[in-house]
Protein chains: 4
Amino acid sequence: MRSPRPWRKIIYDVIDNEKDIYTRIFDAFMMGLITLNVVAIVLSSYQSLYNTYKAEFELFEKVSVIIFTIEIILRVLVAEYHYNEKRTFRAVARYLVSFGFIIDFLAILPFYLPMLISIDLRFLRMLRLLRMIRLFKITRYSESVRSLGDAISERKDELLLTAFLGLMMLFLSGTLMYFVEHEAQPEAFPDVLSSLWWAVATLTTVGYGDVYPITPFGKFIAGAIAFLGVGLVALPTGILSSAFMESLAKKKARQMQKEQEAIFGQQCTCPNCGEKIMLEETPEFSQN
Amino acid sequence: MRSPRPWRKIIYDVIDNEKDIYTRIFDAFMMGLITLNVVAIVLSSYQSLYNTYKAEFELFEKVSVIIFTIEIILRVLVAEYHYNEKRTFRAVARYLVSFGFIIDFLAILPFYLPMLISIDLRFLRMLRLLRMIRLFKITRYSESVRSLGDAISERKDELLLTAFLGLMMLFLSGTLMYFVEHEAQPEAFPDVLSSLWWAVATLTTVGYGDVYPITPFGKFIAGAIAFLGVGLVALPTGILSSAFMESLAKKKARQMQKEQEAIFGQQCTCPNCGEKIMLEETPEFSQN
Amino acid sequence: MRSPRPWRKIIYDVIDNEKDIYTRIFDAFMMGLITLNVVAIVLSSYQSLYNTYKAEFELFEKVSVIIFTIEIILRVLVAEYHYNEKRTFRAVARYLVSFGFIIDFLAILPFYLPMLISIDLRFLRMLRLLRMIRLFKITRYSESVRSLGDAISERKDELLLTAFLGLMMLFLSGTLMYFVEHEAQPEAFPDVLSSLWWAVATLTTVGYGDVYPITPFGKFIAGAIAFLGVGLVALPTGILSSAFMESLAKKKARQMQKEQEAIFGQQCTCPNCGEKIMLEETPEFSQN
Amino acid sequence: MRSPRPWRKIIYDVIDNEKDIYTRIFDAFMMGLITLNVVAIVLSSYQSLYNTYKAEFELFEKVSVIIFTIEIILRVLVAEYHYNEKRTFRAVARYLVSFGFIIDFLAILPFYLPMLISIDLRFLRMLRLLRMIRLFKITRYSESVRSLGDAISERKDELLLTAFLGLMMLFLSGTLMYFVEHEAQPEAFPDVLSSLWWAVATLTTVGYGDVYPITPFGKFIAGAIAFLGVGLVALPTGILSSAFMESLAKKKARQMQKEQEAIFGQQCTCPNCGEKIMLEETPEFSQN
């Protein structure tokens, strides 16, 4: 006879046990609530709509934040089971530094913050956007996310380097263009930081067209920078391509290893003397 | 002595039997008709031309739709042969849910719809565009389409995830920029949905330049988003590169497997005792 | 004692024999002349410069065309040696349909054409641009051009299909946007062909910003098309990536094949009985 | 008993010995100084800020250049140790043609130049930008830079060819568009060099939108060029993808070679006679 599940284990099964049907229902409910919050943010940006249904928007926000807060409290309570950790303190500590908690906490922060400190209203409204980052949690369980994330994290160094090179090119291009175009267009290139705006639009090949060089030398420099921008787009693409290929090849290599082990583990007949022999040494052919 | 072909089999040979010369002629005729329909749509957009030749345009449309309708009816009749299915009912059902039928049906729908229900004329004109989707049927028989489609469908999950990440970034960018720029440019960023228009132009690096941030903070955020947009372009490219590589490697592996089987099936001389032996066990070297 | 070289062989050695020093000098001279022609075209676009030095520009053009014409005549004379073909007639015929001849002929055509038929002066000026296509001959001897060309021609089918898909998307997008935006902006989207201009700027992510949708529905459609445009950029990139990888792998496979043949062709000592044996059957390990 | 280190060896250990802690501190200090110089350039572009703190900016520049000059002198003194070269003259000569020296020298040049020759003040200000190229030295020690650089330098030929093809397409597109659009928009396409500005914005898919064709034929040509521009972006990306894949495969092949050598060096049991034999000849399976 099994002893009854402790109440915290019951909560764990409901909100965090992937195999449990209740967890799936709970996840679906939370994802629906997150989506509704995003819809509410979009709708409340329409001034007339917001003025008419102000009370409803605020009620919905309050209810949402309360549910999100309860979710966090429950996750603290079941951290022990989630991390399969004996000591409650360590489990809670691990939860409190986890990616999931930080996102959840930032999402409810803008609601509680004005209760603690006085805060600029406009800044607060922007903080509310943090609720949207909960969207990222929707992708949590996907297999593809993992393989995508693996590919990216394996080439983290190269990608970071590309980003750094991009930033350096940005600064050099922006500063150069400031010196070249400042006198011809003092209002378009008033200082170096402003001409960085031109540089970012050019290097990413977005090209809004609100600012562009007008002197022949400026156009020559801009053309060269635009060509470099193409290279800047090509670098991360090439890195990611090879990363995807590599993660694929690894999966294949693991599979092949297993197949070969199956072959070499079998008995086989010596073609010379007809004896049954067992291949002892498993040769390694792991390539790629 | 062969019994005479049933009349439905004759129709099948004419319209749907890839090996038959009549089918090729029929296909060429239908492709020509589809192309002419597209030309007619383009030409009828010139108001003066349309007014002069209104009767001719309408006649051509009527004739085309009648031919397309007859094609559908014929394809229903020969479904049995196409799907190699004994029960007529099942064969027709399979045709009616096939990709080809849905395209063909949507292409003639705008002609018959106003006979059944009263419909807004402007909306109807837009529906006529559906005739253009028949263009997609032109690519039906190509070998390359299959290999392209294989590569894409094999990485469907990763590509869908990229699309989802793109949409999420779109919403986050658009909402963020709304809060940052709304006060400075209420006419450019009037609500969240409108600022999504800016976000899509930036993330896809199109950059029309009709809307762009003007505050320093907005420009900073926009620059960061533009850089993320480069990554968003790099992701599907990398995924597709590796998908093409993989489908190529698979083709190679199949070829190699055949070659090895040919080798190991041959008799060979044992280097030890000089006997002719037949290799029984085909070792597996399938790599990649 | 060798018989004296025939005079056509001497010309061949001077203008078309890669190993000959004279050919290198001749090539360098022709490339210089082509470059000077391009410079002349660029400079003659400056109206004031052209008016001042009109005689010099025209003289230079005349001299260039005469030299280019002589080159063609000489190449006809040495076609026999170039194609290593006994029958003079066949050799000349092969030269006259070669890529090199067509480029050379088109480059001098605009000079001789007005002598034969009366021609619109403005159209003639545009034809003179054909002289610039001689630039493509500069890349003739490069190793990289060959490997680049191999990679592209191997995936010709997929790339053509991508181009065809792109054109189809272009037509569908342009026509759709015409119906959506024509009434709101009759001057920006006056007919289907004009709205193709918007579609091409969007699908290639160029985004000039001279034409863009202003209705909410039009913006929604445009956003979707811009995302598809990113895919349209990703497809050829992925195809080319895998093509470059494949041509590389082939080069490696050829190298490896040679190495293995060298190994298996050697005598080796049987580890069992100490006899020298010759491996007769060369096993195939050609992978990738 | 070791003889005391010569004073130049001491300096070498402090500024150029990667294993020495003093070198790390020295590098960190120099990087900080370079970053501060960049910040100073950015800040001094704000006219009001520059006018207020003119003396401070000039003092900081003087101090920086003096430190940079001392660094160069020190590096000349320790060249002998850096290049592990007996003859001092050769070591100094090698340093003076090294990439590092040229960057460092160009960075201090704008300060000393006006002392030697009279120079246009505006040109001088632009020269000061050269201080920023010192930023490139920050990436010196990174592992990723090396692997990135290896991938790029291995495909140098193909990438240069792509750049050359891009330049050729640029010239052809620009000249063509000049002839097509010059009469319709003489102010937008005044001469060939000006229409190159349009061509570069289109081929790199930046698309500022300050210049664009307005005639139907011009738009048709521009659309075709924009599609070619997509290919121009796809080419270097594909080349870099395969380069990254190749450098990865090489790393793997080296690793595999080592593993196989370890295997084949081991004793193994002959399946025929049961004797322990040592494989003498290491078969080559080096693939990919």
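Rules of the game
- Residues numbered from 1 in each chain as written.
- Chains lettered and ligands numbered in written order.
- Predicted model: local features only at pLDDT ≥ 70, side-chain atom pairs only at ≥ 80, totals over all residues.
- Heavy atoms only, no water.
- Helix = DSSP H or I, 4+ residues; strand = E, 2+ residues; numbered from the N terminus.
- Buried < 20%, exposed > 50% of the residue type's maximum accessible area, 1.4 Å probe, protein only.
- Contact = heavy atoms within 4.5 Å.
- Areas by Shrake-Rupley, 256 points an atom, 1.4 Å probe, with all protein chains shown as cover.
- Polar contact = N/O pair within 3.5 Å; in protein donor to acceptor, adjacent residues only side chain to side chain.
- Buried area = accessible area lost by both parts, 1.4 Å probe.
- Salt bridge = Lys/Arg side-chain N within 4 Å of Asp/Glu carboxyl O.
- Least-squares fit on C-alpha atoms with pLDDT ≥ 70 in both.
- UniProt positions renumbered as here; feature names shortened; annotations may be inferred.
- Core = buried A, V, L, I, M, F, W, Y, C linked by side-chain atoms within 4.5 Å.
- Axes fitted to C-alpha atoms, helices over the stretch in contact; angles between N-to-C directions.
- Parallel < 35°, antiparallel > 145°, perpendicular 65-115°, else oblique.
- Left-handed = near helix turned anticlockwise from the far one by under 90°.
- Nonpolar A, V, L, I, M, F, W, Y, C, P; charged D, E, K, R; others polar.
- Phe/Tyr/Trp six-rings, centres within 6.5 Å; stacked < 30°, edge-to-face > 60°.
- Expected span 1.5 Å × (residues − 1).
- pLDDT = per-residue confidence, 0-100.
- Patch = residues over 30% accessible without salt bridge, like charges linked within 9 Å, V, L, I, M, F, W, Y side chains within 5 Å.

*Asks:* In this structure, what is going on with the overall build of chain A? I would like to understand it.
*Replies:* For chain A, the helix and strand inventory stands at 12 helices and two strands. Ordered by position in the sequence, the α and β elements of chain A form the string α-α-α-α-α-α-α-α-α-α-α-α-β-β. By the burial criterion, 46% of the 288 residues in chain A qualify as buried. Partitioning the intrachain contacts of chain A with sequence separation of at least 6 by distance along the chain shows that 58% fall at a separation of at least 24. Accessible surface for chain A amounts to roughly 15,300 Å². Of this, 65% is attributable to carbon and sulfur atoms.

*Asks:* I'm lost on the side chain of E181 of chain A in this one. Help?
*Replies:* Residue and element names in this part refer to chain A. With respect to the helices and strands, the residue E181 is situated in helix 10 (residues 156-181). Separated by 2.8 Å, the side chains of E181 and Q185 make a polar contact. Residues contacting E181, with those up to four places away along its chain left out, are F189, P213, I214, T215 and G218.

*Asks:* Where do I start with the interface of chain D and chain C in this structure?
*Replies:* For interface size, the figure often reported is the accessible area lost on association. With 56 residues of chain D at the contact, the number on the chain C side is 51 residues. In total, chain D and chain C occlude about 4,800 Å² of area from one another, counting both sides; carbon and sulfur atoms represent 71% of this. One can count zero salt bridges joining chain D with chain C. At the surface where chain D touches chain C, the tally comes to six residue pairs in polar contact (both at pLDDT 80 or more). Those elements giving two or more residues to the side of chain D that touches chain C turn out to be helix 10 (156-181), helix 11 (192-203) and helix 12 (216-264) of chain D. Element by element, the count of residues in the side of chain D that touches chain C is highest for helix 12 of chain D, at 16 residues.

*Asks:* So what exactly am I meant to see when it comes to the relation of the copies chain D and chain C here?
*Replies:* Both copies of the chain are related by a screw-like operation: a rotation about an axis and a shift along it. Superposing chain D onto chain C takes a rotation of 90 degrees combined with a translation of 0.0 Å along the rotation axis, leaving an RMSD of 0.1 Å. On the angle and the small slide along the axis, the relation comes out as a four-fold axis. Taken together, the interface assignments show that only 20% of the residues at the interface of chain D recur at the interface of chain C, consistent with different surfaces on the two copies.

*Asks:* When you look at the pattern of salt bridges in this model, what are you seeing that I'm missing?
*Replies:* Side-chain pairing between opposite charges can occur once the charged atoms of the two side chains come close. Within the structure shown, the criterion is met by 20 salt bridges over all chains. Between R155 of chain A and E246 of chain A there is a salt bridge, and its shortest N-O distance comes to 2.6 Å. One end of the pair, R155 of chain A, is in the loop between helix 9 (143-154) and helix 10; the other, E246 of chain A, is in helix 12 (residues 216-265), and 91 residues separate them in sequence. With respect to burial, R155 of chain A and E246 of chain A carry one shared label: buried. Across the salt bridge formed by E80 of chain C and R8 of chain C, the nearest N and O atoms sit 2.7 Å from each other. Pair noted here: E80 of chain C is in helix 5 (residues 79-82) and R8 of chain C is in helix 1 (residues 7-15), with a separation of 72 residues, a long-range link. Assessed through its relative accessible area of 17%, E80 of chain C is described here as buried. Note on R8 of chain C: relative accessible area 22%, which makes it partly exposed. Each of D16, E71 and R75 of chain A takes part in one network of salt bridges that share partners.

*Asks:* Teacher, can you tell me more about the UniProt feature "transmembrane region" (unreviewed entry) in chain A here?
*Replies:* All names here are of chain A. The positions that UniProt labels "transmembrane region" (unreviewed entry) are, in the present scheme, residues 21-43, 63-83, 95-117, 159-180, 192-209 and 221-245. Within the segment residues 21-43, helix and strand shares are 100% and 0% respectively, and the terminal C-alpha atoms sit 33 Å apart. Its end C-alpha atoms 18 Å apart, residues 192-209 is made of 67% helix and 0% strand.

*Asks:* Would you explain the side chain of T237 of chain D in this entry?
*Replies:* Residue position: T237 of chain D is located in helix 12. Every residue in contact with T237 of chain D, bar those within four places of it in the chain, is listed here: A234, T237 and G238 of chain A together with T237 and S241 of chain C.

*Asks:* Please explain unusual backbone geometry as it appears in this structure.
*Replies:* Most peptide bonds are trans, and most residues other than glycine sit at a negative phi. Residues and elements named next belong to chain A. Within the chain, T205 stands out as a residue other than glycine whose phi angle is a positive 60 degrees. As for its position among the elements, T205 is in the loop between helix 11 (192-203) and helix 12. With relative accessibility at 6%, the residue T205 sits in the buried group.

*Asks:* Help me understand the nonpolar core, please; the structure alone is not making it clear to me.
*Replies:* Where a protein is soluble and globular, its nonpolar side chains tend to be buried together. Of all hydrophobic cores here, the largest spans 204 residues; its most connected members are W198 of chain A, W198 of chain B, W198 of chain C together with W198 of chain D. Once residues within four sequence positions are removed from consideration, W198 of chain C is found in contact with Y208 of chain B together with S173, M177, F189, V211, Y212, P213, A222 and I225 of chain C. Counting 40 residues, the second largest nonpolar core, distinct from the first, contains A151 and A243 of chain B together with L148 and L240 of chain C.

*Asks:* Looking at this model, I keep getting lost on the packing of helix 1 of chain C against helix 4 (residues 54-77) of chain C. Mind explaining?
*Replies:* How two helices sit against one another is set out by the angle between their axes and by the gap between those axes. All names here are of chain C. The N-to-C vectors of helix 1 and helix 4 enclose an angle of 125 degrees; their axes lie 9 Å apart at closest approach. Here helix 4 runs oblique to helix 1, going by the angle between their axes. Between helix 1 and helix 4 lies a crossing whose hand is left-handed. When helix 1 is examined against helix 4, the residues W7, R8, I11 and I15 are found in contact with a partner set consisting of L74, R75 and L77. Of the residues in the contact of helix 1 with helix 4, the class split is five nonpolar, no polar and two charged.

*Asks:* It is not clear to me how the packing of aromatic side chains should be interpreted in this structure. Could you clarify?
*Replies:* The geometry of an aromatic ring pair comes down to the distance between the two centres and the angle between the two planes. Taken as a whole and assessed by the stated rule, the structure comprises 36 aromatic pairs over all chains. Each ring, one from Y178 of chain A and one from F179 of chain A, has its centre 5.2 Å from the other, and the planes form 70 degrees; the classification is edge-to-face. Accessibility expressed as a relative area gives 4% for Y178 of chain A, which makes it buried. Judged by centre distance (5.2 Å) and plane angle (65 degrees), the rings of Y95 of chain D and F101 of chain D are edge-to-face. Here Y95 of chain D and F101 of chain D have matching classes, each one buried.

*Asks:* Sorry, what's going on with the environment of T205 of chain A here?
*Replies:* Along the chain, T205 of chain A and E259 of chain A lie 54 residues apart, while their C-alpha atoms are 48 Å from each other. Residues within four places of T205 of chain A in sequence aside, it is in contact with V233 of chain A, T205 of chain B, T205 of chain C together with T204, T205 and V206 of chain D.

*Asks:* What is the right way to look at the packing of helix 2 (residues 21-44) of chain D against helix 4 (residues 54-77) of chain D in this model?
*Replies:* Residues and elements named next belong to chain D. Direction vectors running N to C along helix 2 and helix 4 enclose 145 degrees, while the axes themselves pass 11 Å from each other. Every pair of crossing elements has a handedness; the one defined by helix 2 and helix 4 is left-handed. Residue-level contacts link F26, F29, M30, L33, I34, L36, N37, A40, L43 and S44 of helix 2 to F57, F60, S64, I67, F68, E71 and R75 of helix 4. Residue composition of the contact of helix 2 with helix 4, grouped by class: 12 nonpolar, three polar and two charged.

*Asks:* What exactly am I supposed to notice about helix 4 (residues 54-77) of chain A here?
*Replies:* The periodicity of an α-helix, 3.6 residues per turn, causes residues three or four places apart in sequence to face the same way. Residue and element names in this part refer to chain A. The end-to-end C-alpha separation of helix 4 is 35 Å, in line with the 34 Å expected for 24 residues at 1.5 Å each. Of the positions making up helix 4, those classed as buried are F57, E61, S64, V65, F68, T69, E71, I72 and R75. Buried residues along helix 4 sit against helix 1 (7-15), helix 2 (21-44), helix 3 (47-52), helix 5 (79-82), helix 6 (88-96) and helix 7 (99-116).

*Asks:* Explain the confidence of the model for chain A to me, please; I cannot follow it from the model alone.
*Replies:* In low-pLDDT segments, the atomic positions of the prediction should not be examined closely. Looking at chain A as a whole, its pLDDT mean stands at 82, while 86% of the residues score no less than 70. Both confidence scores are given for the complex: pTM 0.82, ipTM 0.79.

*Asks:* When you look at a nonpolar patch on the surface in this model, what are you seeing that I'm missing?
*Replies:* Residues and elements named next belong to chain A. Taken together, W7, I10, V14, I21, Y22 and I25 make up a surface patch of nonpolar side chains, about 620 Å² in accessible area. Those elements that place two or more of their residues in the nonpolar patch are helix 1 and helix 2. In this fold, I21 is placed in helix 2.

*Asks:* Any chance you could explain helix 1 (residues 7-15) of chain B here in plain terms?
*Replies:* Turning to helix 1 of chain B, its buried residues number three or more, namely I11, Y12, D13 and I15 of chain B. Here the buried face of helix 1 of chain B lies against helix 2 (21-44), helix 4 (54-77) and helix 5 (79-82) of chain B.

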